[in-house]
Amino acid sequence: MRTACIRTALLGTILQAGLLAGCGGGEPSGSTAQPGTARPVRTSTDGAAGLPVDARKVMQERNLSPDDVTAALRTYMPSGRHDDFLMFASSGHAGQVIVIGLPSMRILRTIAVYTPESWQGWGFGAGNDVIAAGAVDGKVMTWGDTHHPGLSRTKGEYDGQWLFIADKAHARMAVIDLRDFETKQIVKNPIAISDHGGAFATPDTDYIIQGGQYGHPLAWEYADIEEYDTRYRGHATFWKFDRQRGRIDVENSFALELPPYWQDLFQVGWGPSDGWSFGNSINTERYTGGIEKGRPPFESGVSQSDTDYLHIINWRAAEKAFRDGKFTRVNGFPVLTLDTLKKENILYFAPEPKSPHGVDVAPGGDFMVVSGKLDPHVTVYSFAKIQQAIAAKNWSLDPYGIPVLDFDAVVEARVELGLGPLHTQFDQQGYAYTSLFLDSAVARWTLGGPYEKLNPDRPWSLIGKTPVHYNIGHLAVPHGDTPKPEGRYLVALNKWSIDRFAPVGPLLPQNLQLLDIANTGANMKLLYDMPMGIGEPHYAQIIRADLLKPWNAYPEIGWDPHTQAVSPHAPKQGDEKIVRRDERTVEVFMTAIRSHFKPEHVEVLEGDRVIWHVTSVERALDAVHGFMLPGFNIMLSIEPGEYQRFEFTADKAGVYPFYCTEFCSALHLEMMGYFFVRPRS
Ligand code: RUQ
Ligand code: CUA
């Protein structure tokens with residue numbers, strides 16, 4: 001394996017510069033952006049000559065520069081004007097998805113996924129089955145750690161139909177339907193207890209790929225840590241997606257057994273690299289930790305080698321091997337073993353420097369860009385060269401017998417960008433954008449090869465860096481991980497906000513910063529700081545708003561959002577009733593419309609099992625009702641046309657006023673009723 005051009009000496013410098021401190025605690029780094037730098041007070045408003053007198057007055061009063069005004073004009077949305085793009089951001093350990101409009105950076109809504117959320121009525125009577133389906137060994141998990149939202153694709157491009165979001169904490173995958181922005185399914189990965197939480201759709205959304213993370217025995221069985229090399233494993237799971245049903249088809253899904261190298265994100269190829277997937281790994285050292293035993297901590301043990309392995313997977317060959325039955329079942333789930341991967345030529349590695357993170361496919365599907373967190377370069381792999389190296393068997397073998405392609409044979413270019421490069425996005429002008437965690441900056445650089453015609457002067461070179469505040473993780477460009485980027489904006493998803501906002505206690509918001517990448521040269525202009533105080537977005541994808549076709553009310557009255565069809569059980573207007581099924585079971589059929597529920601009196605006996613159906617018979621846009629039942633942890637959001645069903649046991653006699661939780665009309669306060677639980681005696 002070749003390592004000559006990697007500057008090992010740099011590691012010490014970088015560690016001193018504060019990567020580890022920035023990750024775990026201590027002072028953040030920021031060579032280009034200093035926290036707390038006060039901006040000079042302006043005494044004039046030079047450059048504001050053409051503005052109306054009022055505007056100039058505001059500039060003076062608020063101490064705004066002409067640049068500030070331009071930034072404000074680029075993001076301001078007059079009342080009623082809609083944003084051009086929607087960003088779907090994960091929310092980290094808040095377990096949700098956050099939807100944000102661009103360029104305004106306004107939060108439009110959150111989508112409850114893994115964590116119950118009462119405004120959406122998710123997990124308080126409705127959605128409970130979906131959450132319960134993601135149970136781990138029978139235990140229902142009521143939170144998740146969402147990292148990488150993945151939009152569905154057609155020919156590699158976002159089609160605006162589905163959104164997938166994985167749970168890093170419990171190795172689960174969720175499906176959101178973008179007609180009603182609701183979670184429809186959560187599946188638990190049967191072979192992994194946790195993983196990196198990535199979700200990338202193949203070009204036509206045949207599969208959603210979820211990569212592993214920390215090595216552990218498959219199906220989380222017990223094995224001593226001394227057996228790490230033999231019993232601990234990584235994985236890449238291919239969830240089959242059934243567009244017709246709008247569900248992951250677990251029966252037709254499969255996984256690849258991988259060495260315990262701590263994989264993370266798996267991207268997919270398109271165009272020339274269609275049928276292939278690319279992931280990376282960070283612990284080919286197979287370091288097992290043990291700081292309490294006097295061993296180096298993971299953070300240094302895992303960073304010993306100069307390179308880890310880019311994982312190159314021929315997923316069509318994997319699919320064929322799966323269809324041909326060449327798998328073994330682990331915890332009931334089909335797994336292609338390392339032996340099968342070798343025999344069927346499914347898996348290859350290529351060295352990647354140094355503590356790599358993320359791999360991103362260029363718009364042409366021709367290059368794969370990898371950043372090494374401890375290497376100032378990005379490394380660009382050529383898919384054509386990868387194919388040549390495979391054909392020429394230009395490889396050595398890793399300890400598990402997997403071919404490791406020769407580094408020099410597959411690398412197209414290395415571009416020096418700065419400290420702590422992480423993730424890369426692309427635009428339509430032949431530029432790439434890489435986040436620099438340690439530099440707290442976004443680097444703009446040029447692609448070469450077929451992209452050279454767009455930037456003939458300087459292929460494969462750094463054009464400029466823009467400081468961000470502070471310590472950027474991911475970055476997102478509209479359609480910036482597809483064959484057709486629409487690079488007007490870039491959002492820097494910064495991990496630290498430090499001094500950017502008014503203090504709100506020791507838990508600070510993240511800072512999402514909007515940059516203008518269309519109207520600027522080397523220095524991209526910062527347009528807007530958005531405090532994100534409801535979760536920690538990791539990755540985000542940004543889609544043109546006109547590609548989404550969400551419903552503004554459910555298509556018909558009595559609509560069951562889980563089946564996306566009218567439910568035969570939905571209560572109808574005029575047919576509201578309370579039916580005693582047997583001595584211990586009562587069924588309630590209720591409707592809701594401004595400004596009453598019907599029935600308003602619901603009486604059961606103590607100890608009854610209650611099955612409650614409610615339909616909103618509203619057709620008006622935004623006429624949403626809520627339904628709560630105190631003491632029973634019930635809270636539904638009933639949107640126009642929607643039907644919902646919930647069950648509980650009325651285990652304590654009493655009088656329970658229920659009410660509508662959404663301020664729906666002038667007589668909203670009167671939209672209530674009584675739930676009487678009569679004592680049996
Ligand atoms: S990883 S900050 Cu979960 Cu997306 Cu890179
Ligand atoms: Cu219905 Cu308030």
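Residues numbered from 1 in each chain as written. Chains lettered and ligands numbered in written order. Predicted model: local features only at pLDDT ≥ 70, side-chain atom pairs only at ≥ 80, totals over all residues. Heavy atoms only, no water.

Before going further, it helps to examine the environment of A133. As for its position among the elements, A133 is in helix α5 (residues 128-133). Distance from A133 to K188, taken between C-alpha atoms, is 7.7 Å for residues 55 residues apart in sequence. (Helix = DSSP H or I, 4+ residues; strand = E, 2+ residues; numbered from the N terminus.)

The next point concerns the sheet that holds strand β32 (residues 525-532). One open sheet holds the four strands; their spatial order is β29-β30-β31-β32, and the pairing between them is antiparallel. Among the strands making up the open sheet, the edge pair consists of β29 (472-476) and β32. Recorded for the sheet is a direction-independent mean angle of 20 degrees between the axes of neighbouring strands. (Pairing = 2+ DSSP bridges. Axes fitted to C-alpha atoms, helices over the stretch in contact; angles between N-to-C directions.)

This paragraph deals with the sheet that holds strand β21 (residues 377-382). Overall, antiparallel pairing links the four strands, which are arranged β19-β20-β21-β24 in an open sheet. On the outer flanks of this sheet lie β19 (356-361) and β24 (411-416), each paired with one strand and no other. For this sheet the average axis-to-axis angle between neighbouring strands, irrespective of direction, equals 20 degrees. Pairing of β21 with β24 involves five bridges; the strand directions are antiparallel. Counted as the bridge partner of Y381 is V411 from β24. Where helix α10 (residues 383-391) meets the sheet, its contacts fall on β20 (367-372), β21 and β24, and the angle it forms with β21 comes to roughly 60 degrees. (Contact = heavy atoms within 4.5 Å.)

Residue Y470 is reached from H469 by a cis peptide bond, and omega for that bond is -5 degrees. Residue placement: Y470 occurs in the loop between β28 (462-467) and β29. Cis geometry marks the peptide bond from K598 to P599; its omega dihedral reads 0 degrees. Residue N345 is not a glycine yet carries a positive backbone phi of 55 degrees. Note that N345 resides in the loop between α9 (338-343) and β18 (347-353). A residue is classified by how much of its surface remains accessible, and N345, at 44% relative accessible area, is partly exposed. (Buried < 20%, exposed > 50% of the residue type's maximum accessible area, 1.4 Å probe, protein only.)

Another aspect to go through is the nonpolar core. W612, F627, L629 and F675 are the most contacted members of the largest nonpolar core, which has 27 residues in total. Contributions of two or more residues to this core are made by β37 (585-593), β39 (601-605), β40 (609-616), β41 (625-629), β42 (634-638), β43 (643-649), β44 (654-659) and β45 (672-678). If you look at the next biggest cluster of nonpolar residues, it comprises 26 residues, including F238, L256, A321 and F322. (Core = buried A, V, L, I, M, F, W, Y, C linked by side-chain atoms within 4.5 Å.)

Enumeration over the complete set of coordinates arrives at 38 salt bridges. A salt bridge links D339 to K342; the nearest nitrogen and oxygen atoms lie 3.5 Å apart. In this pair, D339 and K342 are both assigned in helix α9, three residues apart and thus about one turn of the helix distant. Taking the relative accessible area as the measure of exposure, D339 reaches 47% and is therefore partly exposed. Residues participating in the shared-partner salt-bridge network are D180, E182 and K184. (Salt bridge = Lys/Arg side-chain N within 4 Å of Asp/Glu carboxyl O.)

Turning our eyes to something else, we now look at the environment of R594. With respect to the secondary-structure elements, R594 resides in the loop between β37 and β38 (596-598). Look at R594 and you get partly exposed, because its relative accessible area is 39%. In this structure, the C-alpha to C-alpha distance between R594 and S461, residues 133 residues apart in sequence, is 62 Å. The residues contacting R594, other than those within four sequence positions of it, are E618, A620, A623, H625, C664 and S665.

Moving on, we come to the pairing of strand β6 (residues 172-177). The element β6 is largely enclosed, with a buried count of six among its six residues. With burial as the criterion, each face of β6 is covered, one bearing R172, A174 and I176 and the other bearing M173, V175 and D177. Inspection of the sheet shows strand β5 (residues 157-167) paired to β6 by six bridges, in the antiparallel sense. Counted as the bridge partner of A166 is M173 from β6. Hairpin remark: β5 followed by β6, antiparallel, with four residues in the connecting loop; positive phi at A171, about 50 degrees. Where β6 and strand β7 (residues 182-188) come together, six bridges link them in antiparallel fashion. Across the sheet, residue V175 finds its bridge partner in β7, namely Q185. What sits between the antiparallel neighbours β6 and β7 is a turn of four residues, in which F181 has the positive phi angle 55 degrees.

What the domain assignment lists for the protein chain is domain 1 (2-75), domain 2 (85-288 + 309-547) and domain 3 (559-678). Once you take the C-alpha centre of each, domain 2 and domain 3 turn out to be 41 Å apart. At the junction of the two partners, domain 2 supplies 14 residues and domain 3 supplies 14 residues. For the pair domain 2 and domain 3, the summed buried surface comes to about 1,000 Å²; carbon and sulfur atoms form 43% of the total. Its largest share of buried area at the contact with domain 3, domain 2 owes to F124, G125 and E182, together 37% of the area lost on that side. Our count for the domain 2 to domain 3 interface comes out at five residue pairs in polar contact (both at pLDDT 80 or more). (Domains from an automatic or database assignment. Buried area = accessible area lost by both parts, 1.4 Å probe. Polar contact = N/O pair within 3.5 Å; in protein donor to acceptor, adjacent residues only side chain to side chain.)

Bringing helix α4 (residues 66-75) into the picture now. Taken as a whole, α4 has its buried residues at V69, A71 and T75. Viewed end-on, α4 has its buried residues packed into an arc of 160 degrees, placing them on one side of the element. Looking at the buried positions of α4, the neighbouring elements they touch are α3 (53-62), β31 (510-516) and β32. (Arc of directions from axis to C-beta.)

A few words on the packing of aromatic side chains. Aromatic ring pairs are described here by two measures, namely the spacing of the ring centres and the angle between the planes. According to the stated counting rule, one finds 45 aromatic pairs in the structure shown. Between F85 and Y489, the aromatic rings sit 6.1 Å apart at their centres with planes inclined by 85 degrees, giving edge-to-face as the arrangement. Taken as a pair, F85 in strand β1 (residues 85-90) and Y489 in strand β30 (residues 489-494) lie far apart in primary sequence, 404 residues in all. There is no split in this pair, since F85 and Y489 are both buried. Through a chain of ring-to-ring contacts, the aromatic side chains of F597, W612, F627, F632, F646, F648, Y656, F658 and F675 assemble into a single cluster. Over the ring of Y207 we find K240; its NZ or CZ atom is 5.0 Å from the centre of that ring. (Phe/Tyr/Trp six-rings, centres within 6.5 Å; stacked < 30°, edge-to-face > 60°. Lys NZ or Arg CZ within 6 Å of the ring centre and 35° of its normal.)

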